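Letter by letter, the chains look like this.
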Amino acid sequence: MAKTVEIKIPDDIEYRVIGNAFGLLIASAGLLAGEMVRMRSFEYWLNDFVPLLFVCWMAFRLYRNFLSTMTAYQDFVPPPGVARDRQIRDTLKSEDVAVKQIAAKTGYTEEQVVAEVAKRIEAKKAAEALKKSKQSQ
């Protein structure tokens, strides 16, 4: 018979991960301000023993809490509304939506293109003639 292992995960596990990440950041800043970095040698590690301990301890706690958080959310089932929204988002791909919004491309014949260009040229000439007639008055 197989044994089941029960993992006790506290309710505030996400906050612990965030707190440990910030603690590791602060401990790393203390290590960067220490003797080893200033003297550029590992021979001074004994002078930075406390920051080294803090960095190691915070890294261990961050790793442990991160793994327990991932274990907790591995079998997490979202609420019914969230699952439905995610399913709708997955079914509607962005490509499908973009294609449906673009109007169908109409093909123009050469005669239609020439006629449109001629109309624009005539309209431009008429506008220029109107400007000239207003300037001469």
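A.B. asks: I tried to follow the overall build of the protein chain on my own but got confused; where do I start?
C.D. replies: Along the backbone of the protein chain there are 6 helices and 0 strands. For the protein chain, the residues scored as buried account for 12% of the 137 residues in total. Excluding contacts between residues fewer than 6 apart, the proportion of contacts in the protein chain whose partners are at least 24 apart in sequence is 60%. Accessible surface, the protein chain as shown: approximately 12600 Å² in total, 63% of it carbon and sulfur.

A.B. asks: Help me out: how do you make sense of the pattern of salt bridges in this one?
C.D. replies: Between side chains of opposite charge, a pair can form as their charged atoms come close. On inspection of all chains with the given rule, the structure shows 2 salt bridges. In this structure, the salt-bridge partner of Glu116 is Lys119, at a minimum N-O distance of 4.0 Å. A residue pair is termed a helical-turn pair when its members lie 3 or 4 positions apart in one helix, as Glu116 and Lys119 do in helix 6 (residues 110-136) at 3 residues.

A.B. asks: Mind showing me how you'd approach helix 3 (residues 49-74) here?
C.D. replies: Note that an α-helix has 3.6 residues per turn; residues three or four places apart therefore point the same way. An ideal rise of 1.5 Å per residue puts 38 Å on 26 residues; helix 3 measures up with 37 Å between its terminal C-alpha atoms. Among the residues of helix 3, Pro51, Val55, Met58, Asn65, Ser68 and Thr69 are the ones counted as buried. Packing partners of the buried residues in helix 3 comprise helix 1 (13-32).

A.B. asks: Just to check I follow, could you spell out the packing of helix 1 against helix 3 for this structure?
C.D. replies: Between two packed helices, the angle of one axis relative to the other and the distance separating the axes together describe the packing. Two elements in contact, helix 1 and helix 3, have axes separated by 8 Å at closest approach and are oriented at 160°. Looking at the two axes, helix 1 sits roughly antiparallel to helix 3. Along this stretch, helix 1 crosses helix 3, giving a crossing that reads as left-handed.

A.B. asks: Quick question: what am I supposed to make of the environment of Ala72 here?
C.D. replies: Relative to the helices and strands, Ala72 resides in helix 3. Judged by relative accessible area, Ala72 falls into the partly exposed class, the value being 30%. Separated by 59 residues in sequence, Ala72 and Ile13 place their C-alpha atoms 9.1 Å apart.

A.B. asks: Before we go on, may I ask you to explain the environment of Asp12 in this structure?
C.D. replies: Structurally, Asp12 can be placed in the segment before helix 1. Spatially, the C-alpha atom of Asp12 lies 9.8 Å from that of Thr69, the residues being 57 residues apart in sequence.

A.B. asks: Can you walk me through the side chain of Glu35 in this structure?
C.D. replies: By the element assignment, Glu35 lies in helix 2 (residues 35-39). Reaching out from Glu35, the side chain makes a polar contact with the side chain of Arg38 at a distance of 3.0 Å. Discounting chain neighbours no more than four positions away, the residues touching Glu35 are Arg40, Tyr44, Asn47 and Asp48.

Cut-offs applied
- One numbering rule holds for all chains: residues counted from 1, following each sequence as written.
- Given that the model is predicted, a residue must reach a pLDDT of at least 70 before its local features are reported, and side-chain atom pairs must reach 80 or more before they are shown or counted; all residues, however, enter totals for whole chains, interfaces and linings.
- Only hydrogens and water are set aside; all other atoms, that is, all heavy atoms of the structure, feed into the side-chain values.
- In this text, helices come from DSSP runs of H or I with a minimum length of four residues, and strands from runs of E with a minimum of two, each type numbered from the N-terminal end.
- Categorising residues by exposure relies on relative accessible area from a 1.4 Å probe, with only protein chains included: less than 20% of the type maximum marks a residue as buried, more than 50% marks it as exposed, and the intermediate range marks it as partly exposed.
- Whether two residues are in contact is decided by their heavy atoms, any of which lying within 4.5 Å being enough.
- Calculation of accessible area relied on Shrake-Rupley with a 1.4 Å probe; when residues are assessed, cover is drawn exclusively from the protein chains displayed.
- Think of a salt bridge as a Lys or Arg side-chain nitrogen and an Asp or Glu carboxyl oxygen that are within 4 Å of each other.
- Expected span of a helix: the number of residues minus one, times 1.5 Å.
- Between the N-to-C directions of two axes lies an angle of 0 to 180 degrees, each axis being a line fitted to C-alpha atoms and, for a helix, fitted only over the stretch in contact.
- Under this scheme an angle from 65 to 115 degrees is roughly perpendicular, one under 35 degrees roughly parallel, and one over 145 degrees roughly antiparallel; angles in between are oblique.
- Helix crossings fall into two classes, left-handed where the near helix is turned counterclockwise from the far one by less than a right angle and right-handed where it is turned clockwise.
- As used in this structure description, the phrase polar contact means that two N or O atoms lie within 3.5 Å; if the pair is within protein, one of them must be able to donate a hydrogen and the other to accept it, and residues adjacent in sequence are counted only when both atoms belong to side chains.

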